[in-house]
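Architecture and fold: a report
Okay, here's what each chain looks like letter by letter:
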Amino acid sequence: MNMLKRYIPLLVAGAAFEAMGAQSCATLPIATYADTEVSTNVPFTAWEEYQKRFEHRLSFEATPSNNVQVAFGTDADADGVLGPDEERLVVGWDCGEWFVLDATNGVRLVDAARPTNRAQTLAFVFETRSDGAVKSLSLSSDGVGLFPSLAATPPKELYDTRWDMFRLTARGVDDPHAGFRVQTIPCGFSFIFR
């Protein structure tokens, strides 16, 4: 197997108000255990005063046997790892279906399976109000809308301004070629007259 294919690129792109396009990259390690699980943790800023639009894109090869997910939360013990007890929201693909898990109460929503064994991109885009509350949300897979009930009435648990870490995880025998990108977009300009 080509060694390059065994690495899973992870791209985190941030667009700050002053400097658009700042980015950092990381890779997942090669799976060395029988359960094939690999993951990486990346610190990020969930909310800033002028950052109002957040775009999360999870791209990977969807198969009937793999699981690719991204978990969000706060690294409360500051160990650089988002532990299971620190997860608050998990979004991804699990063996042929999309899912959104509220880790605070265990409620898991699933959406109908899509064709597998092909590249997929889950777009998770939301805008916030000035206080950090979610104003609008859309989830889609290659342009096809997902989870319409969440989009219609986004629950407050869907997002927290205190989040500071996400963890990308992949499992399964098929190579997922997974990548995750976070982009924050400033919301216009502010003019103050005195």
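My aim in this report is to walk through the structure given alongside it, one point at a time.

The rules we used
- Residues numbered from 1 in each chain as written.
- Predicted model: local features only at pLDDT ≥ 70, side-chain atom pairs only at ≥ 80, totals over all residues.
- Heavy atoms only, no water.
- Helix = DSSP H or I, 4+ residues; strand = E, 2+ residues; numbered from the N terminus.
- Buried < 20%, exposed > 50% of the residue type's maximum accessible area, 1.4 Å probe, protein only.
- Contact = heavy atoms within 4.5 Å.
- Areas by Shrake-Rupley, 256 points an atom, 1.4 Å probe, with all protein chains shown as cover.
- Pairing = 2+ DSSP bridges.
- Axes fitted to C-alpha atoms, helices over the stretch in contact; angles between N-to-C directions.
- Salt bridge = Lys/Arg side-chain N within 4 Å of Asp/Glu carboxyl O.
- Core = buried A, V, L, I, M, F, W, Y, C linked by side-chain atoms within 4.5 Å.
- Lys, Arg positive; Asp, Glu negative; His and termini not counted.
- Phe/Tyr/Trp six-rings, centres within 6.5 Å; stacked < 30°, edge-to-face > 60°.

Scanning the chain from terminus to terminus reveals 2 helices and 13 strands. With 194 residues in all, the chain has 41% of them scored as buried. Of all intrachain contacts in the chain linking residues separated by at least 6 positions in sequence, the fraction that spans at least 24 positions is 65%. A total accessible area of about 10,300 Å² is found for the chain, and carbon and sulfur atoms account for 55% of it.

This paragraph deals with the sheet that holds strand β12 (residues 165-171). The antiparallel open sheet is built from 6 strands, whose spatial order is β3-β12-β5-β6-β7-β8. Every other strand in the sheet has two partners, leaving β3 (38-43) and β8 (107-111) as the edge strands with one partner each. Within the sheet, the average angular offset between the axes of one strand and its neighbour, ignoring direction, is 15°. The sheet contact formed by strand β6 (residues 87-94) and strand β7 (residues 97-102) spans 6 bridges and is antiparallel. When the sheet's bridge partners are listed, Val90 is paired in β7 with Leu101.

Now for the pattern of salt bridges. This structure, assessed with the given rule, holds 7 salt bridges. Here Glu55 ties to Arg57 by a salt bridge, and the two come within 3.8 Å at their closest N and O atoms. For the salt bridge of Arg162 with Asp160, the shortest nitrogen-to-oxygen distance reads 2.7 Å. On the basis of relative accessible area, Arg162 is assigned to the exposed category, the value being 61%.

The backbone phi angle of Ala78 is positive, close to 55°, even though this residue is not glycine. Within the secondary structure, Ala78 is located in the loop between β5 (67-73) and β6.

This next bit is on the nonpolar core. Among the nonpolar cores identified, the biggest contains 31 residues, and Leu89 and Phe124 are the most heavily contacted of them. Secondary-structure elements contributing two or more residues to this core are β3, β4 (51-62), β5, β6, β7, β9 (118-128), β10 (134-141) and β12. Setting aside residues no more than four positions away along its own chain, Leu89 makes contact with Val70, Ala71, Phe72, Val100, Leu101, Ala103, Phe124, Leu158 and Trp163. One finds Ala71, Leu82, Phe99 and Met165 within the second-largest nonpolar core, a separate group that totals 5 residues.

Moving on: the side chain of Asp102. Along the polypeptide, Asp102 turns up in strand β7. Although Asp102 is buried, it forms no salt bridge, and the closest oppositely charged side chain is Arg88 at an N-O distance of 7.5 Å. Among all residues touching Asp102, those that are not within four sequence positions of it are Arg88, Val107 and Glu157.

On to the packing of aromatic side chains. A full pass over the atoms with the stated rule returns 13 aromatic pairs. Ring centres of Phe60 and Trp98 lie 5.8 Å apart, and the angle between their planes is 75°; on these two criteria the pair is classed as edge-to-face. With Phe60 in strand β4 and Trp98 in strand β7, the pair connects residues that are 38 residues apart, well separated along the chain. Looking at Phe60, the relative accessible area reads 3%, which means it is buried. A relative accessible area of 0% places Trp98 in the buried class. Ring plane angle 20° and centroid distance 5.8 Å describe the contact between Phe72 and Trp163, whose orientation is recorded as stacked.

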